[in-house]
Amino acid sequence: MPSQAESAPRNKLTPLQQRLQRLGLQHEQDFIVHLPLRYEDQTQVTPIARLRPGQASLVEAEVLQADVQFRPRRQLQARVADDSGELALRWLNFYPSQQKALEVGRRLRIWGEARLGFNGLEMVHPRLNQASGMLSSTLTPIYPTTAGLAQPSLRRLITQALARADLSDTLPDEVRRRFDLIPFEQAIRCLHHPSPDVSLASFEDHSHPAWHRIKFDELLAQQLSLAMARAMRHSQKAWPLDGHDGDLVQRLEQAIPFALTGAQQRAVAEIRADMLRAHPMHRLLQGDVGSGKTVVAAMAAAIAIDSGFQVALMAPTEILAEQHFRKLADWLGPLGVQTTWLTGSLRTRQRREALESIANGNARLVVGTQALIQTHVQFEKLGLVVLDEQHRFGVGQRLELNRKGEEAEAAVRYMPHQLSMSATPIPRTLAMTFFADLDVSVLDELPPGRSPVVTKLISMDRRDEVLAHVGDEIRQGRQAYWVCPLVEESEALQLQTAVDTHALLAQAMPDLSIGLVHGRLKPDEKAAVMEAFRQGEIHLLVATTVIEVGVDVPNASLMLIEHAERFGLAQLHQLRGRVGRGSAKSVCLLMYQTPLSMVARQRLRAMYETNDGFEIARRDLEQRGPGEFLGVRQSGQALLRFADLETDGGLVEQARTLAAEWLEQQPELAQRHLRRWMRGRQDYLRS
Ligand SMILES: Nc1ncnc2c1ncn2[C@@H]1O[C@H](COP(=O)(O)OP(=O)(O)OP(=O)(O)O)[C@@H](O)[C@H]1O
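In this text the structure is predicted, and so the values were computed from the model without any measurement.

Colleague: Any chance you could explain the overall build of the protein chain here in plain terms?
Modeller: Looking only at helices and strands, the protein chain features 25 helices and 21 strands. The buried share of the protein chain, reckoned over its 687 residues, is 53%. Taking contacts inside the protein chain between residues at least 6 apart in sequence as the whole, the part at least 24 apart equals 76%. In the form shown here, the protein chain has an accessible surface area of approximately 31700 Å², with 50% of it arising from carbon and sulfur atoms.

Written out as structure tokens, the structure reads:
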């Protein structure tokens, strides 16, 4: 057995390996799908007289003169000539090797962009090569690289990998014909080394058939891995919950002061059908702000409780968890369901009592924050887990909570059913790509009697006018939110701004009751302020973004957001969703500071133009890209490298169809395809 000292150097990566690893390049297969960013056409030589300013070209010329000049600054300059004319070359930072290459009389190949300088046509920082050997017959690829790894070295490694790697097709001919795809090898060779007569535009916008094939393969791998995750879930066991032991569901329906909308009824029916199965439900309940997700969750909880199981509901913030707790306890408490509150801020005794009632099964419904997933929380019989704003939780956290059921039923390893709720409407392609292992119910109907929120954009210069207007509105019986600007770099500064704004507004409107809520308040202080606002004792609530998600005070009908240009689109939509929840006509005032950046202008325009959460989400996705949009960086889900969800929706559908067929009929093909795409890229495989 080798000693540790012997084996250590072997485990250590060389600097080259480290750099390659930074690019995700480890296995041969990684290299072949490391595709160029762009290309250079070095297939032909351009005579100097035919150079055009602004165009990169290859010149073959003889060095006439080369020297280092010290004024006005230190630079290496040279003059070269071919039969057609002369060209100046310049380098500001240069190496002795460059100077050496510029030996007078030597013939060189020079690649660079020509431009008009003081002394006629010149190239700044051109690349030099000996004028020997044949010219390349294909375009020269420029790859994404990292510091310390030069293009020629990376190019060499990729060319070597291409020569060795297995490029055989993972798609049978008939699949290629059906989806109109070119062979893999042809696509890969063409992308790395295109012939000079291809249309570069179709490479740049990724519409070329070679790109099409690669994107399809990538999406297919992703759909396969998601479908496999789903199949794995289907092989897990859960208790079928039929809700027939009691009549809680009916009693809850009668107790709720409104009738469920059609969309809510549909969602409840879908959830009920899932929970009846003997494998765990994994359903995402999606609905725009104010669409009424909470009551659907309550119905699902009632089904589980009626079947003799406990339910856990977890929300990302205390305010949100507290609100769910209050609402659910109000609805279910009078029907005899013991609802328990569990967050990190409970005092020791309350906490112990809560944990006891969870463990002995007295607590039928437990509502809380992350504290719910801590290891010492033991359930007696957990049947359903509800996660609010699921994309805010990491995959790891989701799993933890699921494991709670597993622990409770350790002997048989039963998993609880899982319902996730999200107010971020996820565009269809994105849902199919990132949540393909979830079933989705959509609340596409708002409760009756809502009138759309009117959005107005106002410059911060008119703050005084706005203030007077808000005062008037409140005196007429309205309640309002005043959201303070986001100060990303400093939470302390953000807090200070909120405190200052509160003081200023209180001074300007002494006859009104003005409250303040922010993230630094203790949970019970926060709850007290929210309750006073709910009761109408506070007229105007100054807030930081703690009110962003889920706060539900139907009587509030005016929302004012300062420095709206600093907020993201989804965040603005969420904030605006705090009003327009009752029957009163609601207004959202977005105050902005000029000058506006292009992106901020687009965001504010989107807010002004539409109230539709799906349209907002679509534009948000367009502006931010799927990674930022879903917050996937935190949750560890992989992004697609080649496919673009905006433009490749059709491909996603095709890949999804084929993935389902393969897993059913030809799993060996699926395995083979995944091996090509997954090797060294385990992050594609979601837990
Ligand atoms: N069918 C319905 N008829 C009338 N009112 C309803 C109905 N369903 C829900 N509501 C009310 O609409 C308001 C919004 O519901 P809820 O808080 O569940 O929305 P949500 O989907 O969670 O929204 P958000 O994502 O903004 O928090 C609540 O005051 C709720 O009582």
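Colleague: Whenever I open this one, empty space enclosed by the protein confuses me. Can you help?
Modeller: Gaps between atoms show up when a probe of the same size as a water molecule is rolled over them. Under the counting rule described, the total for this entry stands at four cavities of 30 Å³ or more. There is about 80 Å³ of room inside the largest cavity. Lining the largest cavity are Glu318, Ile319, Glu322, Gln323, Pro523, Lys526, Ala527, Met530 and Arg534. Breaking the lining of the largest cavity down by element, the ones donating at least two residues are helix H13 (318–332) and helix H19 (523–534). Examining the composition of the lining of the largest cavity, we find that five residues originate from one element, H19, more than from any other. Of the residues assigned to the lining of the largest cavity, the class counts are four nonpolar, one polar and four charged.

Colleague: Explanation requested: the packing of aromatic side chains in the structure shown.
Modeller: According to the stated counting rule, one finds seven aromatic pairs in the structure shown. Pairing tyrosine 39 with phenylalanine 203 gives two aromatic rings, centres 5.4 Å apart and planes at 80 degrees, and the pair type is edge-to-face. Taken as a pair, tyrosine 39 in strand E1 (residues 38–40) and phenylalanine 203 in helix H8 (residues 200–204) lie far apart in primary sequence, 164 residues in all. A single burial state applies to tyrosine 39 and to phenylalanine 203, both of which are buried. Judged by centre distance (5.4 Å) and plane angle (40 degrees), the ring pair of phenylalanine 325 and tryptophan 341 falls under tilted. Taken together, the residues span a long stretch of sequence, with phenylalanine 325 in helix H13 and tryptophan 341 in strand E11 (residues 339–342) at a distance of 16 residues. The rings of Trp211, Phe642 and Trp677 are connected pair by pair, giving a single aromatic cluster. Over the aromatic face of phenylalanine 309 sits the side chain of lysine 381, whose NZ or CZ is 4.6 Å from the ring centroid.

Colleague: What is the right way to look at a nonpolar patch on the surface in this model?
Modeller: A cluster of nonpolar side chains, Val440, Val442 and Phe614, forms an exposed patch at the surface whose accessible area comes to about 200 Å². By the element assignment, phenylalanine 614 lies in helix H22 (residues 613–630). Residue phenylalanine 614 is classed as partly exposed on the basis of its relative accessible area of 33%.

Colleague: How should I be thinking about the nonpolar core in this particular structure?
Modeller: Taken as a class, soluble globular proteins show a tendency for nonpolar side chains to be buried jointly. Of all hydrophobic cores here, the largest spans 50 residues; its most connected members are Ile214, Phe216, Leu220 and Trp662. Mapped by element, the contributors of at least two residues to this core are helix H3 (28–32), helix H5 (151–164), helix H6 (173–179), helix H7 (184–192), helix H9 (209–234), helix H24 (649–665) and helix H25 (667–678). With residues up to four places along the chain from it excluded, the contact list for leucine 220 reads Leu171, Ala655, Leu658, Ala659, Trp662 and His673. Within the second largest apolar cluster, 39 residues are counted, among which are Ala300, Trp331, Leu365 and Leu443.

Rules and cut-offs
- Residues numbered from 1 in each chain as written.
- Predicted model: local features only at pLDDT ≥ 70, side-chain atom pairs only at ≥ 80, totals over all residues.
- Heavy atoms only, no water.
- Helix = DSSP H or I, 4+ residues; strand = E, 2+ residues; numbered from the N terminus.
- Buried < 20%, exposed > 50% of the residue type's maximum accessible area, 1.4 Å probe, protein only.
- Contact = heavy atoms within 4.5 Å.
- Areas by Shrake-Rupley, 256 points an atom, 1.4 Å probe, with all protein chains shown as cover.
- 1 Å grid on protein atoms, 1.4 Å probe; cavity = no way out; pocket = protein on both sides within 12 Å on 5 of 7 lines; lining within 4 Å.
- Points joined across faces, edges and corners; volume = space filled by probe spheres on them.
- Nonpolar A, V, L, I, M, F, W, Y, C, P; charged D, E, K, R; others polar.
- Phe/Tyr/Trp six-rings, centres within 6.5 Å; stacked < 30°, edge-to-face > 60°.
- Lys NZ or Arg CZ within 6 Å of the ring centre and 35° of its normal.
- Patch = residues over 30% accessible without salt bridge, like charges linked within 9 Å, V, L, I, M, F, W, Y side chains within 5 Å.
- Salt bridge = Lys/Arg side-chain N within 4 Å of Asp/Glu carboxyl O.
- Core = buried A, V, L, I, M, F, W, Y, C linked by side-chain atoms within 4.5 Å.

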